[in-house]
Amino acid sequence: MTLLSRQPQRRSGLALSWLLLSCCLQANPCKRVSAVNLRSFIGCAVREFTFLAKKPGCGGMHITTDACWGRCETWEKPVLEFPFIESFQRVCTYNKTRLVTVKLPKCRPHVDPTYTYPVALRCDCGVCLTSTTECIASV
């Protein structure tokens with residue numbers, strides 16, 4: 001993997017990476033999830049994740065990065081007035097990231113080989129923002 005630069009600009013294809021969950025705990029920042037029972041863990045933490053980076057005209061590359069992962073407190077209760085439900089929905093989402101750019105292999109001529117993806121530095125339970133995360137419904 002060849003690192004080219006850490007660019008603050010947005011790239012298409014980040015949405016998939018942003019969906020991935022993992023982050024730092026509020027009470028214990030930057031503690032790795034691997035030391036916790038993942039079946040009973042409630043919260044948001046950084047966790048290592050590997051994915052296949054691809055773009056048209058280039059070969060794929062397996063990339064291992066840190067991403068946000070976890071479960072956050074969510075509840076709904078019925079109410080008598082419209083919309084007849086009150087909800088509190090939070091997702092494990094990115095709080096702080098850095099962008100890393102790599103050069104994909106076997107790109108055709110005139111195809112930009114660069115691929116930029118986020119590395120999670122800190123994550124928190126928060127409102128789902130469609131600008132950084134694929135949300136079922138916007139809040």
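Everything discussed here concerns the structure shown above.
These notes cover the structure that comes with them. Just so we're clear, the structure is a prediction, and the values are computed from it rather than from any experiment.

Topic: the overall build of the protein
Move 1: A tally of helices and strands in the protein yields one helix and seven strands.
Move 2: Tracing the protein from N to C terminus, the helices and strands come up as α-β-β-β-β-β-β-β.
Move 3: Here the protein, with 139 residues, has 34% of them falling under the buried criterion.
Move 4: In the protein, the proportion of contacts linking residues at least 24 apart, taken out of those at least 6 apart, comes to 63%.
Move 5: Per element, the accessible surface of the protein, about 9100 Å² overall, is 55% carbon and sulfur.

With respect to the state of the cysteines
Move 1: Taken as a whole and judged by the stated rule, the model has four disulfides.
Move 2: Here Cys68 connects covalently by a disulfide to Cys123, the sulfurs 1.6 Å from one another. Every disulfide takes its handedness from the sign of the S-S torsion; for Cys68 and Cys123 that torsion is -70 degrees, giving left-handed. Taken together, the positions of Cys68 in strand E3 (residues 61–71) and Cys123 in strand E7 (residues 114–126) put the pair 55 residues apart, joining distant regions of the chain.

Quick notes on the nonpolar core
Move 1: Formed by Phe51, Ala53, Cys58, Met61, Ile63, Val100, Val102, Leu104, Tyr115, Tyr117 and Val119, the largest nonpolar core amounts to eleven residues.
Move 2: Breaking this core down by element, the ones donating at least two residues are strand E2 (43–53), E3, strand E6 (91–103) and E7.
Move 3: For this core, the element with the most residues is E7, which contributes three residues.
Move 4: One finds Cys44, Ala67, Tyr94 and Cys123 within the second-largest nonpolar core, a separate group that totals eight residues.

Digging into the pairing of E7
Side chains on a regular strand alternate between the two faces of the sheet.
Move 1: The element E7 is extensively covered by neighbouring structure, given that ten of its 13 residues are classed as buried.
Move 2: Two elements, E6 and E7, share twelve bridges in a ladder whose sense is antiparallel. In the strand pairing of E7, Lys103 is matched with Thr114.

About the thresholds
- Residues numbered from 1 in each chain as written.
- Predicted model: local features only at pLDDT ≥ 70, side-chain atom pairs only at ≥ 80, totals over all residues.
- Heavy atoms only, no water.
- Helix = DSSP H or I, 4+ residues; strand = E, 2+ residues; numbered from the N terminus.
- Buried < 20%, exposed > 50% of the residue type's maximum accessible area, 1.4 Å probe, protein only.
- Contact = heavy atoms within 4.5 Å.
- Areas by Shrake-Rupley, 256 points an atom, 1.4 Å probe, with all protein chains shown as cover.
- Disulfide = S-S within 2.5 Å.
- Core = buried A, V, L, I, M, F, W, Y, C linked by side-chain atoms within 4.5 Å.
- Pairing = 2+ DSSP bridges.

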